[in-house]
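# Secondary and tertiary structure notes
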Amino acid sequence: MTTPNFEAARVAMVDTQVRPSDVTLYPIIAAMLDVPRERFVPTDLRGVAYAGAHLPLARGRVLLDPRVLAKMLDALKPEPTDLVLDIAPGTGYSTALLARLAAAVVAVEPDPDLARSAIETLAALDEDTALLQEGDAAAGAPEAGPFDAVFINGAIETLPDPIAAQVKPGGRIVAIFQDGAAGQCRLGTRTGDGSRAGIAWKTMFDATAPILSGYEKPGDFVF
């Protein structure tokens, strides 16, 4: 059985999916060329680790399409001095990328099995600027914040107040907003502080993903 050439596949992913999507920031390109994406997918899917599609990780959870993930990183533009909150990273691929782009990353993964896998893989790759913990994705990591930037792996219908509160004034947050079958990636900027705080959103590009638990719109109240 022939062993896949993952290094060549990684280069092809960047050259045929990432660069043509107008992602030109060198640190993002370098990170995606460096991080072994195949290590972050289930064993039976490693042969398609670099395909241009979301890859299933667990019920309702995916590893984001390389193009979508790269464009979200490009929108967020993590700085080398940033403290980043990585929400629902699944097996930790986004965490590994962000660890190369920012000063430090705190990741919160709600699925115990995915969190365990992510912790093991990140440790094996010596990602010592990334801390991944199992926890409520809608609660974030208030004890570690506030954060300069927040990356959300998956779609949302609404942003929970605890997550908005963990963004520093002037900080950024990137997420896919899902409305039925349609979706848009939006970049948010924290404006004001205290009672006047809010998030100003800007649409960046079209994208869809499964909606994360805890990020759904509240249901209508019925008597």
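Above this note sits the structure.
The structure displayed is predicted, hence computed values, not measured ones.

### With respect to the overall build of the protein chain
For the protein chain, the count of helices and strands is 6 helices and 9 strands. A globule of 223 residues ought to have a C-alpha radius of gyration of about 17 Å, and the protein chain, at 17 Å, matches this closely. Based on the C-alpha atoms only, the size of the protein chain along its principal axes is roughly 60 × 45 × 35 Å. Evaluated residue by residue, the protein chain yields a buried proportion of 48% over its 223 residues. When contacts within the protein chain are restricted to residue pairs at least 6 apart in sequence, those whose partners lie at least 24 apart make up 57%. A total of about 10600 Å² of accessible surface is found on the protein chain, and carbon and sulfur atoms cover 53% of it. On the protein chain, the mean spot of the 19 positive side-chain charges and the mean spot of the 29 negative ones are 5 Å from each other.

### A few points about helix α1 (residues 6-18)
Three or more residues of α1 are buried, namely F6, R10, M13, V14, Q17 and V18. On its buried face, α1 is in contact with α2 (26-34), α3 (66-76) and α4 (93-101). At the N-terminal boundary of α1, the capping side chain belongs to N5, with an oxygen 3.4 Å from the backbone nitrogen of E7.

### Some details on the layout of surface pockets
The space that makes up the largest pocket amounts to roughly 170 Å³. Split by residue class, the lining of the largest pocket holds 6 nonpolar, 2 polar and 5 charged.

### A short note on the pairing of strand β6 (residues 147-156)
Within β6, 10 of the 10 residues are buried, which leaves it mostly tucked inside the rest of the structure. With 4 bridges joining them, strand β3 (residues 83-87) and β6 adopt parallel strand pairing. Counted as the bridge partner of I87 is I152 from β6. Two elements, β6 and strand β7 (residues 167-179), share 6 bridges in a ladder whose sense is parallel. Across the sheet, the residue bridging to A149 is R172, located in β7.

### Here we look at the nonpolar core
Within the largest apolar cluster, 51 residues are counted, with the highest numbers of intra-cluster contacts made by M32, M72 and Y93. Broken down by element, this core gets its largest block of residues, 7 residues, from α3. Among all residues touching M32, those that are not within four sequence positions of it are R10, M13, V14, V18, P66, A70, Y93 and L97. V106, V108, A141 and A175 belong to the second-largest nonpolar core, a separate cluster that totals 21 residues.

### A short note on empty space enclosed by the protein
Picture a little ball the size of a water molecule; that probe, rolled over the atoms, points out where space is still empty. Enumeration over the complete set of coordinates arrives at 1 cavity of 30 Å³ or more. In this structure, the largest cavity spans a volume of roughly 40 Å³. Looking at the largest cavity, the residues that line it are G60, R61, V62, N153, G154, P210 and L212. Mapped by element, the contributors of at least two residues to the lining of the largest cavity are β2 (61-63) and β6. Broken down by class, the residue content of the lining of the largest cavity amounts to 3 nonpolar, 3 polar and 1 charged.

So, how was this worked out
- Residues numbered from 1 in each chain as written.
- Predicted model: local features only at pLDDT ≥ 70, side-chain atom pairs only at ≥ 80, totals over all residues.
- Heavy atoms only, no water.
- Helix = DSSP H or I, 4+ residues; strand = E, 2+ residues; numbered from the N terminus.
- Rg over C-alpha atoms; globule rule 2.2 N^0.38 Å.
- Buried < 20%, exposed > 50% of the residue type's maximum accessible area, 1.4 Å probe, protein only.
- Contact = heavy atoms within 4.5 Å.
- Areas by Shrake-Rupley, 256 points an atom, 1.4 Å probe, with all protein chains shown as cover.
- Lys, Arg positive; Asp, Glu negative; His and termini not counted.
- Charge placed at Lys NZ, Arg CZ, Asp CG, Glu CD.
- Polar contact = N/O pair within 3.5 Å; in protein donor to acceptor, adjacent residues only side chain to side chain.
- 1 Å grid on protein atoms, 1.4 Å probe; cavity = no way out; pocket = protein on both sides within 12 Å on 5 of 7 lines; lining within 4 Å.
- Points joined across faces, edges and corners; volume = space filled by probe spheres on them.
- Nonpolar A, V, L, I, M, F, W, Y, C, P; charged D, E, K, R; others polar.
- Pairing = 2+ DSSP bridges.
- Core = buried A, V, L, I, M, F, W, Y, C linked by side-chain atoms within 4.5 Å.

Keep in mind these values describe shape, not function.
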